[in-house]
Amino acid sequence: MTGGGDPGSLSATGGLLLRLATGMSADARRVAASYAALRGEWVGRASTAARRRGELLAATTTRIAEESACVGALLQRHSTDLAGLLEQEASLRAQAASAGLSVTDAGVVLAPGPRGLADADEEARTEAARAVLDTAWNDLQDRTRSSRAAVQAALHASTERLGAAAAALRAR
Amino acid sequence: MPVHRVDPAVLDAAGRALGPLRERALETEDDLLAAPLLAGDAELQHVLDAWVDHVVDALRAVGEEVAEQALGLRAVAAGAAVLNDSPTRSVSAARPGTPR
């Protein structure tokens, strides 16, 4: 099962991150330019130390902007994917229910409960429908897992980069 | 140690450039922590929450650094203003092109 989720919340947060990325990129450029302007106006060791701190601040800000842009776009893509997967899940469940079947963790099975007498042809039709839906269900599960795994891998990598950037800024 | 003259206005300008970054870092931290983010899968949710924690922490680091740098620039600007106002300037290096 896809497990649900809220594509709208992912899309909204993705949008928030993309706006953050744009704003922080501009902030980083502004900070870098203002510290660069100090070079000709202020000389000495204190100036050099201050400018290096300013450069590191601008670089860290740029890193946060890049990670936010990357994850913002990722969340928006995943939101679209998840919406499609949830729609397909709902469709498969409806098809299964109309065929007297139900979707479980084990796949598509005969729906529980009493059922009337069925001839061999009817049973064969039900089994054929079950097999088709079961294959579609397994395919949906594979695509859901694959989509999640890609998002998780990208988030892990981004988390590491953000952690390193914050640690470097605090360690200066 | 030689004392170097610097126009306090230049330092003020650098300090002012930090303002929007600090505000954005603070605002975004709140927005991110308040944003509903429902992944629909426990493992993915955990990874997503960890990413949000890290970006918020990075924004805090930026906010802390901005505050420290702004304070440092203000202190240097105040010192430079006093130095520039002094009738007996002990200056070893003037700004290039600045008439003395």
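The residue numbers shown here count from 1 along each chain, following its written sequence. Each chain takes a letter, starting from A, and each ligand takes a number, starting from 1, following the order in which they are written. This being a predicted model, a pLDDT of at least 70 is required before a residue's local features are given, and a value of 80 or more before pairs of side-chain atoms are given or counted; all residues contribute to the totals for chains, interfaces and linings. Processing note: side-chain calculations cover all non-hydrogen atoms of the structure and skip hydrogens and water entirely.

## Some points on the side chain of Gln45 of chain B
- Helix and strand assignments come from DSSP, with helices taken as H or I runs of at least 4 residues and strands as E runs of at least 2, each series counted from the N terminus. Considering the arrangement of structural elements, one finds Gln45 of chain B in helix H2 (residues 42-85).
- Contact between two residues is taken to exist if any of their heavy atoms lie within 4.5 Å; hydrogens are not considered. In this view, Gln45 of chain B contacts Leu37, Leu38, Ala39 and Gly40 of chain B; residues no more than four positions away in its chain are not counted.

## Description of the interface of chain A and chain B
- Contacts between chain A and chain B engage 49 residues on the former and 45 residues on the latter.
- For the pair chain A and chain B, the two sides together bury roughly 4,000 Å², of which 69% comes from carbon and sulfur.
- Note on terms: buried area is the combined drop in 1.4 Å-probe accessible area of two parts once they are placed together, counting the loss on both. On the chain A side of the interface with chain B, the three residues burying the most area are Glu41, Trp42 and Arg170 of chain A, jointly 14% of the side's total.
- Any carboxyl oxygen of Asp or Glu that lies within 4 Å of a side-chain nitrogen of Lys or Arg is treated as forming a salt bridge with it. Joining chain A to chain B, the criterion identifies 8 salt bridges.
- Here Arg172 of chain A makes a salt bridge to Glu65 of chain B, at a shortest N to O gap of 2.9 Å.
- What qualifies as a polar contact is a pair of N or O atoms within 3.5 Å, subject to a donor-acceptor requirement within protein and to the restriction that residues adjacent in sequence count only when both atoms come from side chains. Taken together, chain A and chain B are joined by 16 residue pairs in polar contact (both at pLDDT 80 or more).
- Those elements that provide at least two residues to the side of chain A that touches chain B are helix H1 (7-38), helix H2 (45-98) and helix H3 (120-171) of chain A.
- The greatest single-element share of the side of chain A that touches chain B, amounting to 14 residues, is contributed by H1 of chain A.
- Looking at the side of chain A that touches chain B residue by residue, the classes come out as 20 nonpolar, 20 polar and 9 charged. Think of it as three bins: nonpolar holds Ala, Val, Leu, Ile, Met, Phe, Trp, Tyr, Cys and Pro, charged holds Asp, Glu, Lys and Arg, and polar takes everything else, Gly as well.

## Observations regarding the packing of H1 of chain A against H2 of chain A
Residue and element names in this part refer to chain A.
- Every axis in this analysis is a line fitted to C-alpha atoms, fitted for helices over the stretch in contact. Angles between the N-to-C directions lie between 0 and 180 degrees. Relative orientation of the contacting elements H1 and H2 amounts to 165°, with a least axis distance of 7 Å. In this view, H1 runs roughly antiparallel relative to H2, as classed from their interaxial angle. Crossing of H1 over H2 shows left-handed handedness. Should an angle fall under 35 degrees it is called roughly parallel, over 145 degrees roughly antiparallel, and 65 to 115 degrees roughly perpendicular, with every other angle called oblique. Crossings are classed by handedness, with left-handed meaning an anticlockwise turn of the near helix from the far one by less than a right angle and right-handed meaning a clockwise turn.

## Here we look at H1 of chain A
- An expected span of 1.5 Å times one less than the residue number is assigned to each helix. For H1 of chain A, with 32 residues, the first-to-last C-alpha span of 47 Å sits near the 46 Å given by 1.5 Å per residue.
- The N-capping residue of H1 of chain A, defined by a side-chain oxygen 3.0 Å from the backbone nitrogen of Gly8 of chain A, is Asp6 of chain A.

## So, the pairing of strand E1 (residues 101-104) of chain A
Residues and elements named next belong to chain A.
- Judged by which residues are buried, E1 turns out to be one-sided: Leu101 and Val103 face inward and are buried, whereas Ser102 and Thr104, on the alternate face, are not.
- Two elements, E1 and strand E2 (residues 107-110), share 4 bridges in a ladder whose sense is antiparallel. By the bridge assignment for E2, Val103 is matched with Val108. Only protein chains enter the area calculation, which uses a 1.4 Å probe; residues under 20% of their type maximum are buried, those over 50% are exposed, and those in between are partly exposed. In this scheme, strands are said to pair when DSSP sees at least two bridges between them.

## Looking at the packing of H1 of chain A against helix H1 (residues 8-34) of chain B
- Running from N to C, H1 of chain A and H1 of chain B point in directions that differ by 165°, and their axes come no closer than 9 Å. Taken together, the axes of H1 of chain A and H1 of chain B are roughly antiparallel relative to one another. As for how H1 of chain A packs across H1 of chain B, the hand of that crossing is left-handed. Contacts between H1 of chain A and H1 of chain B involve Thr13, Leu16, Leu17, Leu20, Gly23, Met24, Asp27, Arg30, Val31, Ser34, Tyr35 and Leu38 of chain A from the first element and Val10, Leu11, Ala14, Ala17, Leu18, Pro20, Leu21, Arg24, Thr28, Asp31 and Leu32 of chain B from the second.

## Section: the environment of Ala154 of chain A
Residue and element names in this part refer to chain A.
- Here Ala154 lies in helix H3.
- On the basis of relative accessibility, which here comes to 24%, the residue Ala154 falls in the partly exposed class.
- Residues Ala154 and Cys70, 84 residues apart in the sequence, show an inter-C-alpha distance of 8.8 Å.

## Here's the deal with H1 of chain B
Residue and element names in this part refer to chain B.
- Its 27 residues give H1 an end-to-end C-alpha distance of 40 Å, which sits within 8% of 39 Å, the value for a rise of 1.5 Å per residue.
- Considered for burial, the residues of H1 that qualify are Pro8, Val10, Leu11, Ala14, Ala17, Leu18, Leu21, Ala25, Thr28, Glu29 and Leu32.
- You can read the cap of H1 off the contacts: a side-chain oxygen lies 3.0 Å from the backbone nitrogen of Ala9, and it is on Asp7.

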